[in-house]
Amino acid sequence: GDAGAAMARGSGGAMAALEDLEGGAYLPLLDPSEMLNEPMNDKAMISPKEFFFQFYHQSHESLHALVYKVRHEGWAFFKEESFPNKVMIVLEIPFTLARTLTIPAVDSEMYFKPFFVASWIGLPFWVLFNGVGVGGLSDPGWLCMAAAASIFLGTVALTFAPSGQPPMIKLGTKFPFGLAAICLMSFVLAALWINFIATELVCVVAFVGSITGIDDSILGITVIAWGNSVGDFSSNLAMAKRGLGNVSMTASFAGPVFNILIGLGFGFLFYFAAHDVTEARVKLTSVTFLALACIVLNALVMLGSGVCNGGRIPRGAGYVAIATYACYVATAVVLTATEYQLPFLKN
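This is a predicted model, so every value here is computed, not measured.

Trainee: Help me get a handle on the nonpolar core, residues and values and all.
Mentor: Of all hydrophobic cores here, the largest spans 14 residues; its most connected members are Val106, Phe116, Trp120, Ala157, Ile182 and Leu189. The set of elements that each furnish at least two residues to this core consists of α6 (113-132) and α9 (177-212). Residue contributions to this core peak at 5 residues, all from α6. Non-local contacts of phenylalanine 116, meaning those with residues more than four positions away in its chain, are made with Pro104, Ala105, Val106, Tyr111, Ala157, Ala161, Pro167 and Ile182. The next biggest cluster of nonpolar side chains, apart from the first, holds 8 residues, and it includes Val287, Leu290, Cys294 and Ala332.

Here's what the structure looks like:
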């Protein structure tokens with residue numbers, strides 16, 4: 001009787017948890033394929049707002065996140081931060097402010113109309129800077145056009161933007177056309193920021209290489225590669241720690257696929273347009289071949305371990321992947337420093 005009552009309580013708790021999930025009240029931090037043999041505890045559930053805040057704003061600090069913390073927690077959050085985090089927050093404020101003034105943010109949980117209006121005011125100047133260059137900011141004609149566009153867009157946003165939620169503009173349907181259009185534009189503007197930062201990063205690395213005597217290729221293999229991937233690494237690691245293994249693994253592969261296909265695709269198109277040619281001569285270097293071999297090896301290890309373990313990746317596969325990357329970096333640095341070319345790759 002006691003066992004039956006315990007099972008009833010357990011199944012009742014599980015059903016209640018499932019009802020909460022269907023209602024959108026919580027997001028599970030467990031694999032959906034796992035059976036609910038006992039009621040979910042509080043540590044296994046997370047609200048959508050907390051999920052969004054932890055996986056985005058704690059990985060990529062923004063002015064929206066700072067305002068959100070101040071409005072809900074006061075300045076106590078700043079006192080609780082470690083000293084390095086305090087320093088980073090203060091140093092990042094000018095850059096987060098600049099991004100806030102150039103990229104409209106429309107995430108519903110962090111929407112704040114004053115920031116939304118301010119982004120439309122600063123947007124034309126950011127487009128001018130990327131489209132014309134630094135010279136455009138000193139040209140009176142371009143500045144007048146940007147100022148006029150800034151006043152117009154700011155007035156429209158201030159007049160018509162809702163106060164409590166992002167502009168949807170559904171046009172009589174269920175699809176938010178306005179929100180989709182703004183998100184697409186924000187994506188392009190954010191990509192311009194990434195391009196700007198990447199360009200400055202390359203200049204800084206080249207400067208460091210010139211004063212230290214370190215080859216640019218070695219800096220590219222190490223410093224630039226790590227800096228370019230640290231954002232994705234932290235996000236994927238956070239998702240994996242939360243139990244979202246499938247999401248983390250999918251993002252780990254989808255990111256490089258996007259960079260290779262879209263990055264190389266547009267890169268070649270821009271190169272052909274800039275040099276007025278229809279083809280370009282490329283060379284497969286030893287380092288590139290080594291990277292390809294390591295990627296194929298890691299993919300085969302992941303596939304083989306998954307097949308041999310019934311669709312589950314064991315802990316050892318992680319060690320193999322880390323060891324493979326360590327061997328790649330060490331070998332690539334040696335090949336670059338010695339300028340050694342693999343015999344079968346020589347022309």
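Trainee: Could you give me a rundown of α9, with the residues and numbers involved?
Mentor: With 36 residues, α9 extends 52 Å between its outermost C-alpha atoms, agreeing within 8% with the 52 Å of an ideal straight helix rising 1.5 Å per residue. Along α9, the residues that are buried comprise Gly178, Leu179, Ile182, Ser186, Leu189, Trp193, Val205 and Gly209.

Trainee: Hey, could you go over the packing of aromatic side chains for me, with residue numbers and the actual values?
Mentor: Applying the stated criterion to the full structure yields 12 aromatic pairs. The interplanar angle of 70 degrees and the centroid separation of 6.0 Å between the aromatic rings of phenylalanine 116 and tryptophan 120 together place this pair among those described as edge-to-face. Of this pair, phenylalanine 116 and tryptophan 120 both sit in helix α6, 4 residues apart, which is roughly one turn of the helix. Accessibility expressed as a relative area gives 14% for tryptophan 120, which makes it buried. Geometrically, the ring pair formed by phenylalanine 175 and phenylalanine 177 is edge-to-face, given 4.9 Å between the ring centres and 70 degrees between the ring planes.

Trainee: Can you explain the packing of helix α12 (residues 286-308) against helix α13 (residues 315-338)? Please cite residues and give values.
Mentor: Look at α12 against α13: their axes get within 10 Å of each other, and the N-to-C directions meet at 170 degrees. Here α12 is positioned roughly antiparallel relative to α13, judged by the angle of their axes. Where α12 abuts α13, its residues Ser286, Val287, Leu290, Ala291, Cys294, Leu297, Asn298, Val301, Met302 and Ser305 lie against Ala317, Val320, Ala321, Thr324, Tyr328, Thr331, Ala332, Leu335 and Thr336. When its residues are assigned to classes, the contact of α12 with α13 shows 13 nonpolar, 6 polar and no charged.

Trainee: Residue-level account of α6, with values.
Mentor: Between its terminal C-alpha atoms α6 stretches 29 Å, which fits the 28 Å expected from 20 residues at 1.5 Å a residue. Of all the bends in α6, the largest measures some 35 degrees and sits at glycine 122, one to four residues before the proline proline 124. Positioned one or two residues after α6, glycine 133 has a phi angle of 105 degrees, which is positive.

Trainee: Tell me about the confidence of the model for the chain, residues and numbers included.
Mentor: In the predicted model, the chain carries a mean pLDDT of 77, and the fraction of residues at 70 or more is 80%. Put simply, strand β1 (residues 27-28) is where the chain has its lowest mean pLDDT, 42, and helix α8 (residues 140-160) is where it has its highest, 93. Across residues 2-46 the pLDDT falls below 50, and counting only partners more than four positions away or on other chains, this stretch makes 39 contacts in the model. In the predicted structure, residues 55-60 sits below a pLDDT of 50 and forms 16 contacts with residues beyond four places in sequence or in another chain.

Trainee: An account of the packing of α6 against α9 is needed here, citing residue identities and associated values.
Mentor: Between two packed helices, the angle of one axis relative to the other and the distance separating the axes together describe the packing. Running from amino to carboxyl end, α6 crosses α9 at an angle of 50 degrees, the nearest separation of the two axes being 12 Å. Classified by the angle their axes make, α6 and α9 are oblique. Like other packed secondary-structure pairs, α6 and α9 cross with a definite hand, here left-handed. When α6 is examined against α9, the residues Phe116, Trp120, Leu123, Trp126, Val127, Phe129 and Asn130 are found in contact with a partner set consisting of Ile182, Met185, Leu189, Leu192, Trp193 and Phe196. Across the contact of α6 with α9, the residue classes break down as 12 nonpolar, 1 polar and no charged.

Trainee: I'd love a proper account of unusual backbone geometry, names of residues and values included.
Mentor: Within the chain, leucine 171 stands out as a residue other than glycine whose phi angle is a positive 55 degrees. For leucine 171, the location among the structural elements is in the loop between α8 and α9. Given the relative accessible area of 66%, leucine 171 is considered exposed. Phi angles above zero are rare outside glycine, and aspartate 276 is one such case at about 55 degrees. Counting through the fold element by element, aspartate 276 comes out in the loop between α11 (245-275) and α12.

Trainee: So what about the side chain of threonine 222? Which residues, and what values?
Mentor: With respect to the element layout, threonine 222 can be found in helix α10 (residues 216-241). Judged by its relative accessible area of 12%, threonine 222 is buried. In contact with threonine 222, not counting residues within four places along its chain, are Val329 and Val333.

About the cut-offs
Residues numbered from 1 in each chain as written. Predicted model: local features only at pLDDT ≥ 70, side-chain atom pairs only at ≥ 80, totals over all residues. Heavy atoms only, no water. Core = buried A, V, L, I, M, F, W, Y, C linked by side-chain atoms within 4.5 Å. Buried < 20%, exposed > 50% of the residue type's maximum accessible area, 1.4 Å probe, protein only. Helix = DSSP H or I, 4+ residues; strand = E, 2+ residues; numbered from the N terminus. Contact = heavy atoms within 4.5 Å. Expected span 1.5 Å × (residues − 1). Phe/Tyr/Trp six-rings, centres within 6.5 Å; stacked < 30°, edge-to-face > 60°. Axes fitted to C-alpha atoms, helices over the stretch in contact; angles between N-to-C directions. Parallel < 35°, antiparallel > 145°, perpendicular 65-115°, else oblique. Nonpolar A, V, L, I, M, F, W, Y, C, P; charged D, E, K, R; others polar. Bend = angle between axes of the 7 residues up to and from the residue. pLDDT = per-residue confidence, 0-100. Left-handed = near helix turned anticlockwise from the far one by under 90°.

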